[in-house]
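The chain contents come next:
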Amino acid sequence: MLQVRITQERIDAAALLDAFASDDDGVGAVVSFTGKARGGAVSALELEHYPGMTERQIEASMDSAARRWPLRAMEVVHRVGLLEPGETIVWVGAASAHRAAAFNACEFVMDFLKIAAPFWKRERDRDGRWQWVEARDADLQRARRWGLGTSADEAATYIVDRDNAS
């Protein structure tokens, strides 16, 4: 039901959506989100992760979503390594009998990914300089509505503690 995959390979969002929850006749709604590497002033993006820990943290956020909403399936595929502008960074799919649960679960997990998943991201500007990227205030504010706290550490602690309490 819940799947996480971290990959250095390109993500084919259309193929993921096509295959996602396709054999579950209890699914009435599928919501997906595809995140892309921005261009503009950014010439490249690089993501690193902590293998094992990253997957466990994302799984914990998905478990939390499944406790909040009646999900039939959920999947997160996240890219690591060097990405060019326009490439897919992340794909999240949520399936439920009804649309509200699928929308909310997808958004909840994306908000967690943006502020608390153990990824380290840096951007290269057009002059070739690299800069580490921190969680943005707007992302932290969005996560507050789920009770995830006001910082990346609080969000990660909330998810892990809630998971361990079950």
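What this report covers is the structure whose coordinates are included nearby. On a predicted model such as this, the values are computed, not experimentally measured, just so you know.

## Things to note about the packing of aromatic side chains
On inspection of all chains with the given rule, the structure shows four aromatic pairs. Ring plane angle 65° and centroid distance 5.7 Å describe the contact between Trp-69 and Phe-108, whose orientation is recorded as edge-to-face. Separated by 39 residues along the polypeptide, Trp-69 in the loop between α2 (53–68) and β4 (71–79) and Phe-108 in helix α3 (residues 99–115) bring together distant segments of the chain. Take Trp-69: its relative accessible area is 13%, and that puts it in the buried class.

## Observations concerning the sheet that holds strand β8 (residues 130–133)
Spatial strand order, β5-β3-β7-β8: four strands in an open sheet with antiparallel pairing. In the strand order of this sheet, the two ends are held by β5 (81–83) and β8, each with one partner. Pairs of neighbouring strands in the sheet enclose a mean axial angle of 25°, with direction left out of account. By the bridge criterion, seven bridges tie strand β3 (residues 42–49) to strand β7 (residues 119–125) in an arrangement that is antiparallel. When the bridges of β7 are listed, Ala-44 appears paired with Arg-124.

## Considering the environment of Asp-111
Counting through the fold element by element, Asp-111 comes out in helix α3. Taking C-alpha positions, Asp-111 is 8.1 Å from Leu-140, a pair spaced 29 residues apart along the chain. Excluding residues within four positions of it along the chain, Asp-111 makes contact with Arg-142, Ala-143, Arg-145 and Trp-146.

## Observations concerning the nonpolar core
One finds Met-74, Val-92, Val-109 and Leu-113 to be the most contacted residues of the largest nonpolar core, which totals 36 residues. Counting residues per element, the ones that place at least two in this core are β2 (29–36), β3, α2, β4, β6 (88–96), α3 and α4 (137–144). Broken down by element, the residue count for this core peaks at 10 residues, all from α3. The contacts of Val-92, once residues within four sequence positions are left out, are Val-31, Ser-32, Phe-33, Met-74, Glu-75, Val-76, Cys-106, Val-109, Met-110 and Leu-113.

## A word on a nonpolar patch on the surface
Side chains of Tyr-50, Met-53, Trp-120 and Trp-132 sit close together on the surface and give an oily, nonpolar patch of about 440 Å² of accessible area. Of note, Met-53 is situated in helix α2.

## Focus on the pairing of β3
Extensive coverage of β3 is indicated by the burial of six of its eight residues. Two strands pair when backbone bridges link them, and β3 and β5 are joined in this way by three bridges, in the antiparallel orientation. Residue pairing in the sheet places Leu-45 in a bridge with Leu-83 of β5.

## Digging into the packing of α2 against α3
In contact at an axis separation of 9 Å, α2 and α3 are set at 150° when each is read in the N-to-C sense. Comparing their axes, α3 and α2 come out roughly antiparallel. The hand of the α2/α3 crossing is right-handed. Of the residues in α3, those touching α2 at Gln-57, Ile-58, Ser-61, Met-62, Ser-64, Ala-65 and Arg-68 are Ala-105, Phe-108, Val-109, Phe-112 and Leu-113. Among the residues forming the contact of α2 with α3, the class breakdown is eight nonpolar, three polar and one charged.

What counts, and where the lines are drawn
Residues numbered from 1 in each chain as written. Predicted model: local features only at pLDDT ≥ 70, side-chain atom pairs only at ≥ 80, totals over all residues. Heavy atoms only, no water. Phe/Tyr/Trp six-rings, centres within 6.5 Å; stacked < 30°, edge-to-face > 60°. Helix = DSSP H or I, 4+ residues; strand = E, 2+ residues; numbered from the N terminus. Buried < 20%, exposed > 50% of the residue type's maximum accessible area, 1.4 Å probe, protein only. Pairing = 2+ DSSP bridges. Axes fitted to C-alpha atoms, helices over the stretch in contact; angles between N-to-C directions. Contact = heavy atoms within 4.5 Å. Core = buried A, V, L, I, M, F, W, Y, C linked by side-chain atoms within 4.5 Å. Patch = residues over 30% accessible without salt bridge, like charges linked within 9 Å, V, L, I, M, F, W, Y side chains within 5 Å. Areas by Shrake-Rupley, 256 points an atom, 1.4 Å probe, with all protein chains shown as cover. Salt bridge = Lys/Arg side-chain N within 4 Å of Asp/Glu carboxyl O. Parallel < 35°, antiparallel > 145°, perpendicular 65-115°, else oblique. Left-handed = near helix turned anticlockwise from the far one by under 90°. Nonpolar A, V, L, I, M, F, W, Y, C, P; charged D, E, K, R; others polar.

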